[in-house]
Amino acid sequence: MGHTLVLLTTIVSVLSAPPANDYTIRDKVVAIRTVPLMAGTEKVADVVPGEVFRVRSSHAEALEVTGTFAGTLKRRDVLPLREAPEYFSGLIKKEPQQPTWVVARALVLSDDFQLSVRELAALTQRYPKIAEYRRLRASLLWQLGQTKEALAEFDEALRLEPDNPDTYCRRAVYYWSIQEFDKAITDAANAIRRQPKCVDAYAKRAVARNDKGDHAGAIADYDTALRLGPGDPYLHNLRGIARRDAEQYQAAKADFDETLRLDPQYADAFTNRGRTFNLLNQWDQAIEDFSQAIKFHPDRGGIFWLRGNCWIQKGNEDRAIADFTKAIELDPQDARGYADRGRAWGLKKEYDKALADLNVAVRLNPKYARAHFIRGDGFWAKGQLDQAIESYNTTLRLNPGDSSVYANRGHVHEQQGKHDEAIIDFTEAIRLSPTNPDFYDNRAFLYCGTHQYNKAVADYTKAIGLNNPDPELYSKRAVGWIGLGEYDKAIADFTEHIRLDPQSGISYLRRGYCMSVCPDAKYRNGKQALIDAEQALKLMRADSAVITNMLAAVYAENGNFEMAVQYQLKAIALAPKKDKVRLQLPLKLYQDHKPFRLEPTAATPPTAGKK
């Protein structure tokens, strides 16, 4: 989750501060008596002793503050956070029977949960009908992990005060923490029903809605909260998270911008805006924001991990590795650092180092699907195909909805010669991601390889119809048309590829090959084929069996059998063993001064290529 709810109204983090009553922005202050919190001339809430606020601005008589609520407090009603525990301890000594001061000290000392729980247990026994003690004790028990006891205290507080909105708000946070989002939403709604202007209740319901996946509902609640409590950087930050989760990236960025305008040192807003830039593929801006966040929190490995992933996107594996190494140093039990450092090593083709890191990642977190996926890629790169398949299988058991895993397993199956299994994998990848043109392209390649040309043409046509098609898809579809004997359509597709990408040597050569080997004379054009072949040689090297085989056919069609034989011998030399026999037939024809022709019903088109 990209945010943290503050359970109590206190944030315990004693900062160095200026002398008492000389406050600057972001200082934390503690209410020392029950007073009204004002928004202009309207009372926002009654503040009880122990509530903690962050200073937004300082005036002669009052402080503008933000916390659970935002407003102004008179200077005489607050103390710096660092002075509050001693102040309340002194009041307890003076008035040992006054429970208010024990509660206040428990709030500002809530990092010492055990002490606070013991003090509150004594208070609940002495004053069993005071709901506030139950609420506060429930909150502390929850933070100690005693969830069953915490819920019992919340329930008792509501029995004592069934209409108290604060109890509903606190219990909402409890339910949110154990991912009981519907119950959290219900409790927050109950708080709103009892106090319609409760900013905190709207914020808590929004967080639960967002984590449940109701991003629109969450954004609506944040809108209401900001109308009731405008100018709160905390709320803008949370709404930015909800907007980002709803893929409203520009709106999310605007919220994070506003958070940082209101509070230039709000470190989490830098992190969250950096995440948003990352999703927008704006790597430089993301890196800048993560770097700012690191200045505030140099001890958070997660921020280094985020920045490392941006360095990978920019192609700087060395800086990525440095960031992942720092993330591991700060949090050696976090599998993410090892997994992505392994990915970076893999990109540098240092596969042994990659697999070493990935082995640690899956040992630390055997259910971390992404680590298994990246390890599968490492095995694939090393040619350990069985281990790659095993890793992909594990990934899919943990996360069956990842189309990329099916696609990569499909590639490995294809390398193993298991074309049927590969087609099944790409079919599932397409089902999960029906707008990804690469998956149609990959399956079409397999269909061509198994002579299922109708299906290949259909897949290439689908890929072409998706947004921003790769021009080479036309050339690949043309191969399918050749397999179907539709030579006019094949030539048209090669021509379209050339129009879209005039620097594509392979399409010139494929068109020339088609015009040379068509069994139907009306589509053969040796002169144009030779022009295409010569243009192809200006744009590419004749360094593969596929290319030299096609060149040989073009020269043969033009009667230059000497060149045809030379290129065909080169094709045979470059070809894998399984293809050498097939390439002998054209060689014999050229040696006999005869051109090569495709069979009308058993065409063997040039390979379409794959991704």
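Residues numbered from 1 in each chain as written. Predicted model: local features only at pLDDT ≥ 70, side-chain atom pairs only at ≥ 80, totals over all residues. Heavy atoms only, no water.

(A) Focus on the overall build of the protein. Helices and strands together make up the secondary structure of the protein, namely 30 helices and 7 strands. Its C-alpha atoms give the protein a radius of gyration of 34 Å, more than 25% over the compact-globule value 25 Å for 611 residues. Counting only C-alpha atoms, the protein reaches 115 × 45 × 40 Å along its principal axes. By the burial criterion, 51% of the 611 residues in the protein qualify as buried. Long-range contacts, defined here as pairs at least 24 residues apart, represent 53% of the contacts in the protein between residues at least 6 apart. Approximately 28,100 Å² of the protein is accessible, and the part contributed by carbon and sulfur atoms is 50%. (Helix = DSSP H or I, 4+ residues; strand = E, 2+ residues; numbered from the N terminus. Rg over C-alpha atoms; globule rule 2.2 N^0.38 Å. Buried < 20%, exposed > 50% of the residue type's maximum accessible area, 1.4 Å probe, protein only. Contact = heavy atoms within 4.5 Å. Areas by Shrake-Rupley, 256 points an atom, 1.4 Å probe, with all protein chains shown as cover.)

(B) How the structure looks around the pattern of salt bridges. On inspection of all chains with the given rule, the structure shows 47 salt bridges. A salt bridge links Asp 284 to Lys 314, with the shortest nitrogen-to-oxygen separation between them at 2.7 Å. Placement of Asp 284 in helix H13 (residues 283–296) and of Lys 314 in the loop between helix H14 (301–313) and helix H15 (317–330) is noted, with a sequence separation of 30 residues between them. One connected set of salt bridges, linked through shared partners, spans Arg 135, Glu 161, Asp 166 and Arg 170. (Salt bridge = Lys/Arg side-chain N within 4 Å of Asp/Glu carboxyl O.)

(C) Molecular detail of the packing of H13 against H14. Put simply, H13 and H14 touch, their axes get as near as 9 Å, and they point 160° apart. Classified by the angle between their axes, H13 and H14 sit roughly antiparallel to one another. Where H13 crosses over H14, the handedness of that crossing is left-handed. Judged by residue contacts, Trp 283, Ala 286, Ile 287, Phe 290, Ser 291, Ala 293 and Ile 294 of H13 engage Ile 303, Phe 304, Leu 306, Arg 307, Cys 310, Trp 311 and Gln 313 from H14. Partitioned by chemical class, the residues of the contact of H13 with H14 number 11 nonpolar, 2 polar and 1 charged. (Axes fitted to C-alpha atoms, helices over the stretch in contact; angles between N-to-C directions. Parallel < 35°, antiparallel > 145°, perpendicular 65-115°, else oblique. Left-handed = near helix turned anticlockwise from the far one by under 90°. Nonpolar A, V, L, I, M, F, W, Y, C, P; charged D, E, K, R; others polar.)

(D) Geometry of the packing of helix H24 (residues 472–484) against helix H25 (residues 487–500). Viewed as axis vectors pointing N to C, H24 and H25 meet at an angle of 170°, and their least axial separation amounts to 8 Å. In terms of axis orientation, H24 runs roughly antiparallel to H25. Residues Glu 472, Tyr 474, Ser 475, Arg 477, Ala 478, Trp 481 and Ile 482 of H24 lie in contact with H25, whose contacting residues are Tyr 487, Lys 489, Ala 490, Asp 493, Phe 494, Glu 496, His 497 and Leu 500. For the contact of H24 with H25, the per-class residue count stands at 8 nonpolar, 2 polar and 5 charged.

(E) Inspection of unusual backbone geometry at higher detail. You will see that Gln 179, though not glycine, has its phi angle at about 65°, which is positive. Relative to the assigned elements, Gln 179 resides in the loop between helix H6 (165–177) and helix H7 (181–194).

(F) Broad picture of the nonpolar core. Of all hydrophobic cores here, the largest spans 60 residues; its most connected members are Phe 88, Leu 120 and Tyr 222. Sequence-distant contacts of Phe 88, defined by excluding residues within four places in its chain, comprise Val 30, Ala 31, Ile 32, Pro 49, Gly 50, Trp 101, Ala 104, Arg 105 and Val 108. (Core = buried A, V, L, I, M, F, W, Y, C linked by side-chain atoms within 4.5 Å.)

(G) Looking closely at the pairing of strand S4 (residues 52–58). Burial within S4 is extensive, with 6 of its 7 residues counted as buried. Across 3 bridges, the pairing between strand S1 (residues 28–31) and S4 is antiparallel. Pairing of Lys 28 across the sheet is with Arg 54, part of S4. Where S4 and strand S5 (residues 62–66) come together, 4 bridges link them in antiparallel fashion. By the bridge assignment for S5, Ser 57 is matched with Glu 64. (Pairing = 2+ DSSP bridges.)

(H) Highlighting the confidence of the model for the protein. Looking at the protein as a whole, its pLDDT mean stands at 89, while 93% of the residues score no less than 70. Between residues 1–20, whose pLDDT stays under 50, and residues either more than four places distant or in other chains, the model counts 57 contacts. (pLDDT = per-residue confidence, 0-100.)

(I) Fine view of the packing of aromatic side chains. Applying the stated rule across the entire model yields 8 aromatic pairs. With a centroid separation of 6.0 Å and an interplanar angle of 55°, the aromatic rings of Phe 154 and Tyr 174 are classed as tilted. Taken as a pair, Phe 154 in helix H5 (residues 147–160) and Tyr 174 in helix H6 lie far apart in primary sequence, 20 residues in all. Owing to a relative accessible area of 0%, Phe 154 belongs among the buried residues under this scheme. Geometrically, the ring pair formed by Phe 270 and Phe 296 is stacked, given 6.1 Å between the ring centres and 20° between the ring planes. Of this pair, Phe 270 sits in helix H12 (residues 267–279) while Phe 296 sits in helix H13, and the two are 26 residues apart along the sequence. Look at Phe 270 and you get buried, because its relative accessible area is 10%. Members of the aromatic cluster, connected to one another through ring pairs, are Tyr 87, Phe 88 and Trp 101. (Phe/Tyr/Trp six-rings, centres within 6.5 Å; stacked < 30°, edge-to-face > 60°.)

(J) Spotlight on helix H18 (residues 369–381). The terminal C-alpha atoms of H18, which comprises 13 residues, lie 19 Å apart, in line with the 18 Å expected from a rise of 1.5 Å per residue. Buried within H18 are the following residues: Ala 369, Ala 371, His 372, Phe 373, Ile 374, Arg 375, Gly 376, Gly 378 and Phe 379. Tucked inside the fold, the buried residues of H18 contact helix H16 (335–347), helix H17 (351–364), helix H19 (385–398) and helix H20 (403–415). (Expected span 1.5 Å × (residues − 1).)

(K) Quick look at the environment of Asn 399. Relative to the helices and strands, Asn 399 resides in the loop between H19 and H20. Classification of Asn 399 as partly exposed rests on a relative accessible area of 31%. When the C-alpha positions of Asn 399 and Phe 373 are compared, they lie 10.0 Å apart, and in sequence the two are 26 residues distant.

(L) The arrangement of the environment of Val 29 in detail. As for its placement among the helices and strands, Val 29 is situated in strand S1. By relative accessible area, which is 0% here, Val 29 ends up buried. As for Val 29 and Leu 79, which are separated by 50 residues in sequence, their C-alpha atoms are 5.4 Å apart. Not counting the four nearest positions on each side in its chain, Val 29 is found in contact with Tyr 23, Glu 51, Val 52, Phe 53, Val 55, Leu 63, Val 65, Val 78, Leu 79, Pro 80 and Leu 81.

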